[in-house]
There are 2 protein chains.
Amino acid sequence: MLNELTEKIKTSDKRSVAKALTMVENESEGSEDLLKGIYKFTGKAHRIGITGPPGAGKSTVTNCLIKLLDEKGLKTGVIAVDPTSPFTGGALLGDRIRMQDSGLLQNVFIRSMATRGSLGGLCKNVTEACDVLDAAGKDFIIIETVGVGQSELDIAQTADTTIVVLVPESGDAVQAMKAGLMEIADIFVLNKSDRDGADAVAATIKNIIHLKPPAPDGWIIDVLKTTGSQNKGIGELLDKIFEHKSHLEKTGYLKTKRIQQLKKKIGELLTNKLTVNFWDNEKRKYLNDNLDLIYNKKSDPYSVVETLTKDLLKRK
Amino acid sequence: MLNELTEKIKTSDKRSVAKALTMVENESEGSEDLLKGIYKFTGKAHRIGITGPPGAGKSTVTNCLIKLLDEKGLKTGVIAVDPTSPFTGGALLGDRIRMQDSGLLQNVFIRSMATRGSLGGLCKNVTEACDVLDAAGKDFIIIETVGVGQSELDIAQTADTTIVVLVPESGDAVQAMKAGLMEIADIFVLNKSDRDGADAVAATIKNIIHLKPPAPDGWIIDVLKTTGSQNKGIGELLDKIFEHKSHLEKTGYLKTKRIQQLKKKIGELLTNKLTVNFWDNEKRKYLNDNLDLIYNKKSDPYSVVETLTKDLLKRK
């Protein structure tokens, strides 16, 4: 049944891809076997991370890129990551709705994923979702993520090309640097660049880039100006993405990046397996019996963890 | 020597506290034993998380709170978390510098910590740093963190009271919701509220709060207006913090929260120990020998992790 699903995914059958993505997102039974099965069909798609502060117009830029890629006959998958909002549910997916028209394009597959709010949870599922779209024969996979923080660093570790979208309003570039965005960008996009102060902000970002030591692969980070709402500057952006893609391939740095991604992924799989395999009823009982003692300072977390792991260590 | 350091920390000796914080931040040798030793002296301090988008004036608000707490004869510790910026180093610590005047107050201890950019790294070290300040007899510990994303969720899991600072410019509250900030706030602060649109934004936030199901402990989230630069509204904010503190104590929800924090901390310690104990040269060699095979689709991450963990499982 999984083999059948894998075969259908390879034909880019939308229903099967959707089913697989749901399995992966929910980590439901069989999802690991599925991912294991499709793995050998992955690696062809170029993965583009698009990130930046809320309200920068990431979805609009993504939407324009999708259409342009489609015009060029390239197959695109989109994973849009939204923070979970327990009380608003889907109400925040306005951007997604704006994307629907692209979603109707035959070669485009768009999926919204909710962050689990759990450390590591975000990127693990996103990477695996990309693997599904990759096996489905997409040429480009766009990972769009909102927010400024840890999650972006994860995206940068998942994507081959990371694009940071800023707007003149995102204020002085120092704020963006504070948010750690300067470290991860392969390409900067200054969106809504028809607004006042765009040139000044673009200049500031360029100055900051010059402070940065050259990238290990010698890639020169550039700042492009777009106006997504008017579909302006998107062609130049796509050309720059193609340029970065071929740069990574020519320099062999794509392999370096992907090996790093593999190491990270294996580390996550391993941690997960070790933890899952660790817990049994006896250990759970021991932990629960000790929580109150720890809270009342009769014990401490370190001693409890030592005791919990002792018999495991003895076996080594 | 560790006992001596512990004793000095308990006397709030600034040099010893600084030394301990460095040990904890670098996870240098002895830091776990130190934390284990001071654990029984922790739990008295109330931990306040202050977060929000870059440029909201979090440091200014923190600065005002510190001074007010000091006037009231309360001891305060501050952990200011900045994303690591490999190429700018300390250059981003402008906010910290602005805090120096508070830093000179006898009962105030301020420490800047860099995020490691590693999953879990942020919160683990921050929590432990708070334990040091807690053992040093601080009444309040303020954890200030920049950015909008994963790291804030961690802070919310570390703090007893989480304050989200927004500004009229942070645009419509939907953007803040997208950033997941609405879920974690116990108190909202609209800073720079002398600016245009402040009342409108405050009203929007209040409306959104009403959409939210009541907190399990029955706490009512409020929106306070401040102008940090003019030290306005800080007294009301501190009163609200005191109110939340006693609410948590009265309802017994403080214990619930802290037990949750303990579980999280134990989970992190455990994962860390399991992973560290797992790797040996033989396993490392096996992984490195297989990376190229995985990259070339001759193998896959899942099979490699299975093989790596097999002998471990056999022992169970």
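Residues numbered from 1 in each chain as written. Chains lettered and ligands numbered in written order. Predicted model: local features only at pLDDT ≥ 70, side-chain atom pairs only at ≥ 80, totals over all residues. Heavy atoms only, no water.

## Quick notes on the overall build of chain A
Across its full length, chain A carries 13 helices and 7 strands. The buried share of chain A, reckoned over its 316 residues, is 55%. Considering only contacts within chain A whose residues lie at least 6 apart along the sequence, 77% involve residues at least 24 apart. About 13,000 Å² of surface is accessible on chain A, with carbon and sulfur atoms providing 53% of the total. (Helix = DSSP H or I, 4+ residues; strand = E, 2+ residues; numbered from the N terminus. Buried < 20%, exposed > 50% of the residue type's maximum accessible area, 1.4 Å probe, protein only. Contact = heavy atoms within 4.5 Å. Areas by Shrake-Rupley, 256 points an atom, 1.4 Å probe, with all protein chains shown as cover.)

## As for the pattern of salt bridges
Residue and element names in this part refer to chain A. Per the counting criterion, the structure on display carries 33 salt bridges over all chains. In this structure, Lys-10 engages Glu-7 in a salt bridge whose closest nitrogen and oxygen atoms are separated by 3.5 Å. Placement of both Lys-10 and Glu-7 in helix α1 (residues 2–10) is noted, with a separation of 3 residues, approximately one turn of the helix. With a relative accessible area of 34%, Lys-10 lands in the partly exposed category. (Salt bridge = Lys/Arg side-chain N within 4 Å of Asp/Glu carboxyl O.)

## Concerning helix α4 (residues 58–71) of chain A
Owing to its 3.6 residues per turn, the α-helix brings residues three or four apart onto one side. Residues and elements named next belong to chain A. Compared with an ideal rise of 1.5 Å per residue, which puts 14 residues at 20 Å, α4 spans 20 Å between its outermost C-alpha atoms and is within 8% of the ideal. The element α4 is largely enclosed, with a buried count of 10 among its 14 residues. Looking one or two residues beyond α4, the residue adopting positive phi is Gly-73, at roughly 75 degrees. (Expected span 1.5 Å × (residues − 1).)

## Observations concerning the nonpolar core
Counting 80 residues, the largest nonpolar core has A:Ile9 and B:Ile9 as the members making the most contacts within it. In terms of nonpolar packing, the next biggest core, distinct from the first, is built from 42 residues, A:Ala56, A:Val78, A:Phe140 and A:Leu237 among them. (Core = buried A, V, L, I, M, F, W, Y, C linked by side-chain atoms within 4.5 Å.)

## Let's talk about the environment of B:Pro301
Counting through the fold element by element, B:Pro301 comes out in helix α14 (residues 301–314). Separated by 174 residues in sequence, B:Pro301 and B:Thr127 have C-alpha atoms that sit 33 Å apart. What B:Pro301 contacts, discounting residues up to four positions off in sequence, is A:Tyr39, A:Leu262, A:Lys265, A:Ile266, A:Leu269 and B:Ile294.

## So, the pairing of strand β1 (residues 46–51) of chain A
Residue and element names in this part refer to chain A. The buried count for β1 comes to 6 of 6 residues, which makes it a mostly enclosed element. Neither face of β1 is left uncovered, since the one carrying His-46, Ile-48 and Ile-50 and the one carrying Arg-47, Gly-49 and Thr-51 both have all their residues buried. Pairing of β1 with strand β4 (residues 140–145), which is carried by 5 bridges, proceeds in the parallel orientation. Within the sheet, the bridge partner assigned to His-46 lies in β4 and is Phe-140. As judged from the 4 bridges shared by β1 and strand β5 (residues 161–166), these two strands associate in the parallel manner. Note on β5: the bridge partner recorded for Ile-48 is Thr-161. (Pairing = 2+ DSSP bridges.)

## Some points on α1(A)
All names here are of chain A. Listed as buried for α1 are Leu-5, Thr-6 and Ile-9. In a view along the axis of α1, the buried residues occupy a sector of 100 degrees, so they form one face of it. Turned more than 90 degrees away from the buried face of α1, the exposed residues are Asn-3 and Glu-4. Ser-12 sits one or two residues past α1 and shows a positive phi near 65 degrees. (Arc of directions from axis to C-beta.)

## Digging into the environment of A:Thr309
Residues and elements named next belong to chain A. Locating Thr-309 in the fold gives a position in helix α13 (residues 301–314). Owing to a relative accessible area of 0%, Thr-309 belongs among the buried residues under this scheme. Polar side-chain contacts of Thr-309 include one of 2.7 Å to the backbone oxygen of Val-305. Reaching out from Thr-309, the side chain makes a polar contact with the backbone oxygen of Glu-306 at a distance of 3.1 Å. (Polar contact = N/O pair within 3.5 Å; in protein donor to acceptor, adjacent residues only side chain to side chain.)

## Let's talk about the confidence of the model for chain A
Residues and elements named next belong to chain A. Mean pLDDT over chain A stands at 83; residues scoring 70 or higher make up 81%. Of all secondary-structure elements in chain A, the lowest mean pLDDT belongs to helix α5 (residues 94–103), at 54, while helix α10 (residues 234–251) reaches the highest, 98. Counting contacts from residues 84–95, a segment whose pLDDT is below 50, to residues more than four positions away or on other chains yields 22 contacts. Predicted confidence is poor over residues 117–122, with pLDDT under 50, and the contacts of this stretch with residues over four places away or in other chains come to 14 contacts. Predicted complex metrics record ipTM = 0.84 and pTM = 0.77. (pLDDT = per-residue confidence, 0-100.)

## As for the side chain of B:Ser299
Looking at where B:Ser299 falls in the secondary structure, it is placed in the loop between α13 (281–295) and α14. Every residue in contact with B:Ser299, bar those within four places of it in the chain, is listed here: A:Tyr39, B:Leu293, B:Ile294 and B:Val304.

## Overview of the packing of aromatic side chains
The full count for this structure, using the stated rule, is 4 aromatic pairs over all chains. Between the NZ or CZ atom of A:Lys283 and the centre of the ring of A:Phe278, over which it lies, the distance is 4.5 Å. Above the ring of B:Tyr39, the side-chain terminus of A:Lys297 is found at 4.1 Å from the ring centroid. (Phe/Tyr/Trp six-rings, centres within 6.5 Å; stacked < 30°, edge-to-face > 60°. Lys NZ or Arg CZ within 6 Å of the ring centre and 35° of its normal.)

## Description of the packing of α4(A) against α10(A)
Residue and element names in this part refer to chain A. The geometry of α4 relative to α10 is characterised by a closest axis approach of 10 Å and an angle of 75 degrees between their N-to-C directions. Classified by the angle their axes make, α4 and α10 are roughly perpendicular. Contact with α4, carried on its side by Val-61, Cys-64, Leu-65, Leu-68 and Leu-69, involves Ile-234, Gly-235, Leu-237, Leu-238, Ile-241 and Phe-242 of α10 and no other residues of that element. Of the residues in the contact of α4 with α10, the class split is 10 nonpolar, 1 polar and no charged. (Axes fitted to C-alpha atoms, helices over the stretch in contact; angles between N-to-C directions. Parallel < 35°, antiparallel > 145°, perpendicular 65-115°, else oblique. Nonpolar A, V, L, I, M, F, W, Y, C, P; charged D, E, K, R; others polar.)

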